[in-house]
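# Residue-level structure breakdown
Chain by chain, the residues:
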2 protein chains.
Amino acid sequence: MAGGDELKLLGAFPSAYVTRVELALGFKGLSYEYVKEDLANKSELLLSSNPVHKKVPVLIHNGKPISESQVILEYIDEAFTGASLLTRDPYERAVARFWVAYIDDKLKVTIFWNGGVHYIMVPNDTRKDEGGEGGGVEADVRGGRALKDSSKGKPFFGGDTVGLVDITLGSLIAWMKATEVLTGAKIFDPAKTPLLAAWTERFAELDTTKKVLPDVAGYVEYVNKRRQTQAATAAVVASNS
Amino acid sequence: MAGGDELKLLGAFPSAYVTRVELALGFKGLSYEYVKEDLANKSELLLSSNPVHKKVPVLIHNGKPISESQVILEYIDEAFTGASLLTRDPYERAVARFWVAYIDDKLKVTIFWNGGVHYIMVPNDTRKDEGGEGGGVEADVRGGRALKDSSKGKPFFGGDTVGLVDITLGSLIAWMKATEVLTGAKIFDPAKTPLLAAWTERFAELDTTKKVLPDVAGYVEYVNKRRQTQAATAAVVASNS
């Protein structure tokens, strides 16, 4: 990064999309200022930087705002030198973008702010999976197509180093682990999905990941607090009616 | 394109996503073989080329398949010389990708195959537009942000020539016009959205667009036929019960 570059990231807990951008900046070796947004009271800077969606993450590079996490990731890769998040080969780039879209489409971690707090994992979105083979991300990612074909036996989807697919999937690790704690479901089961489980451990152990990835306990606490608030509000509403 | 290159496009009427790829191939000056798929009886080639989604469009370049329309568009731009669909400047690329995602997210033309045929235009998806200013695509695209900021007074979103945003939005023109015919709604109202209406005419008049864009009457006929079939099926079911 040139000496005069200024990078500002507008973010908020617990957005995995923000985590994604932080991972990309970290693996790219870029330093930046993290500006924490209060989503209940959005800053003038956020509203003017992302007037269409008014959402985090927004990356501001020398005063110019970029929104939408995947757009930001490609921008980071194209605007700065350093480790490449996408290879040069057009076909390999297409394969990586395919899996990024797949993860974004199928692996959703959604929190509804109204009417209760839920953590929702949709590893196999059957609505959109008509005619699919079932098994969703696990079957597809683990089942050899992505890991074997796209990483060709190498440690990461990006090959020997972390790439766009690793970052996109990796940004969800803390949420998935929190979901395991909260539901008792086993998402990373080495018996069922050994390659994916091994990849997860490998990715989680990287220095950048350790610095960036939110604490699982923090997510769990966050969800439990939201539940209590909702329950308390519901009780007040009930006693008033 | 090098002499030995073989390009095959697996497509089907009436997919606007297929139209999108045809527009990109056309503006890039590439020749290709169009392989028409019967979606009720998908070919072995489609199933093996896109095993995850089993959907058109699939572009097969020298035997290698690429799926997902936006992934295909970026691939076409990166793998072949000729007119650029994205500029070199990383920031302008990010702005274009932002609007592509916006159009994909907000401007949906969906046909439900079960329980009746509908053509659904969601120019302002309020579900996802929380806190937005309303007015959706028209307000945003026409309202100066995209056309003025991103095309800077030039004839196309891509500048002097057609780019990714033009192709993505342009692939929907025939569906939008068919929707006008079928519903009586005025989507391209020069009084309300003069810039967008002017862009539509400009884009529709290009040689490539004329060759590629499906006939509006064909879409209308298609929807009406599906309605009749559904009505007939419903009548048979009713008379049998």
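Refer to the structure printed above.
Presented here is an overview of the structure given in this document.

Each value, and the rule that gives it
- Residues numbered from 1 in each chain as written.
- Chains lettered and ligands numbered in written order.
- Predicted model: local features only at pLDDT ≥ 70, side-chain atom pairs only at ≥ 80, totals over all residues.
- Heavy atoms only, no water.
- Helix = DSSP H or I, 4+ residues; strand = E, 2+ residues; numbered from the N terminus.
- Contact = heavy atoms within 4.5 Å.
- Pairing = 2+ DSSP bridges.
- Axes fitted to C-alpha atoms, helices over the stretch in contact; angles between N-to-C directions.
- Buried < 20%, exposed > 50% of the residue type's maximum accessible area, 1.4 Å probe, protein only.
- Phe/Tyr/Trp six-rings, centres within 6.5 Å; stacked < 30°, edge-to-face > 60°.
- Salt bridge = Lys/Arg side-chain N within 4 Å of Asp/Glu carboxyl O.
- Core = buried A, V, L, I, M, F, W, Y, C linked by side-chain atoms within 4.5 Å.
- Domains from an automatic or database assignment.

### Thoughts on the environment of B:Val35
All names here are of chain B. Its place among the elements puts Val35 in strand E2 (residues 33-36). In sequence terms Val35 and Gly11 are 24 residues apart; their C-alpha atoms lie 6.2 Å from each other. If sequence neighbours within four positions are ignored, Val35 has contacts with Lys8, Leu9, Leu10 and Gly11.

### What about the sheet that holds strand E1 (residues 7-11) of chain B?
Residue and element names in this part refer to chain B. Spatially, four strands are ordered E2-E1-E3-E4 in an open sheet, and the strand pairing comes out mixed. The strands lining the two open edges of the sheet, one partner per strand, are E2 and strand E4 (64-67). Pairs of neighbouring strands in the sheet enclose a mean axial angle of 25 degrees, with direction left out of account. Inspection of the sheet shows E1 paired to E2 by four bridges, in the parallel sense. The residue bridging Leu9 from the neighbouring strand is Tyr34, located in E2. Each of E1, E2 and strand E3 (58-61) touches helix H1 (residues 16-27); the most contacted strand, E1, lies at about 155 degrees to it. Strand contacts of helix H3 (residues 69-79): E3 and E4, with the helix running at about 125 degrees to E4, the strand carrying the most contacts.

### Topic: the environment of A:Leu172
Residue and element names in this part refer to chain A. The topology assignment puts Leu172 in the loop between helix H7 (164-170) and helix H8 (173-183). The exposure class of Leu172 is buried, given its relative accessible area of 4%. Expressed as a C-alpha distance, the spacing of Leu172 and Ala16, which sit 156 residues apart in the sequence, is 6.1 Å.

### As for the packing of aromatic side chains
In the structure shown here, the tally under the stated rule is 20 aromatic pairs over all chains. Between the aromatic rings of A:Phe98 and A:Trp99, the centroid separation amounts to 5.2 Å while the plane-to-plane angle is 90 degrees, which identifies the pairing as edge-to-face. One exposure class covers both A:Phe98 and A:Trp99, and it is buried. Look at B:Trp99 and B:Tyr102: their rings are 5.2 Å apart centre to centre, the planes differ by 70 degrees, and that puts the pair in the edge-to-face class. Here B:Tyr102 and B:Trp99 lie together in helix H4 (residues 90-106), a separation of three residues that amounts to about one turn. Like B:Trp99, the residue B:Tyr102 is buried in the burial classification. Put simply, the rings of A:Phe13, A:Trp175, A:Tyr219 and A:Tyr222 touch in pairs and so form one group of aromatic residues.

### Describing the sheet that holds strand E3 (residues 58-61) of chain A
Residue and element names in this part refer to chain A. The sheet built from four strands is open, its strands ordered E2-E1-E3-E4 with mixed pairing. Of all the strands in the sheet, just strand E2 (33-36) and strand E4 (64-67) have a single pairing partner and so form its edges. Within the sheet, the average angular offset between the axes of one strand and its neighbour, ignoring direction, is 25 degrees. As judged from the four bridges shared by strand E1 (residues 7-11) and E3, these two strands associate in the antiparallel manner. By the bridge assignment for E3, Lys8 is matched with Ile60. Helix-sheet contacts for helix H3 (residues 69-79) involve E3 and E4, and the interaxial angle to E4 is about 125 degrees.

### Concerning the pattern of salt bridges
All names here are of chain B. Following the criterion strictly, the structure yields 16 salt bridges over all chains and no others. Ionic pairing is found between Lys28 and Asp77, a salt bridge with its closest N-O pair at 2.7 Å. Of the two residues, Lys28 sits in the loop between H1 and E2 while Asp77 sits in helix H3, which places them 49 residues apart along the sequence. Classification of Lys28 by relative accessible area gives buried; the value is 6%. A salt bridge links Glu201 to Lys177, with the nearest nitrogen and oxygen atoms 3.7 Å apart.

### Regarding the pairing of E4(B)
On a regular strand, each side chain points to the face opposite its neighbour's, so the side chains alternate between the two faces of the sheet. Residues and elements named next belong to chain B. With four bridges joining them, E3 and E4 adopt antiparallel strand pairing. Residue pairing across strands places Val58 opposite Ser67, the latter belonging to E4. In this structure, the hairpin formed by E3 and E4 is closed by a connection of two residues, where Asn62 is found at a positive phi of approximately 50 degrees.

### Comments concerning the nonpolar core
Formed by 60 residues in total, the largest nonpolar core has its most connected members in B:Leu25, B:Leu59, B:Ile76, B:Ile167, B:Trp199 and B:Phe203. The biggest single contributor to this core is H1(B), with seven residues. Two domains each provide a minimum of three residues to this core, namely domain 1 (7-79) and domain 2 (90-218) of chain B. When residues no more than four places from it in sequence are discounted, the contact partners of B:Ile76 are B:Val21, B:Ala24, B:Leu25, B:Lys28, B:Leu30 and B:Leu59. Among the nonpolar cores identified, the runner-up in size contains 59 residues, and A:Leu9, A:Leu164, A:Ala174 and B:Tyr91 belong to it.

Just distances and angles here, no functional claims.
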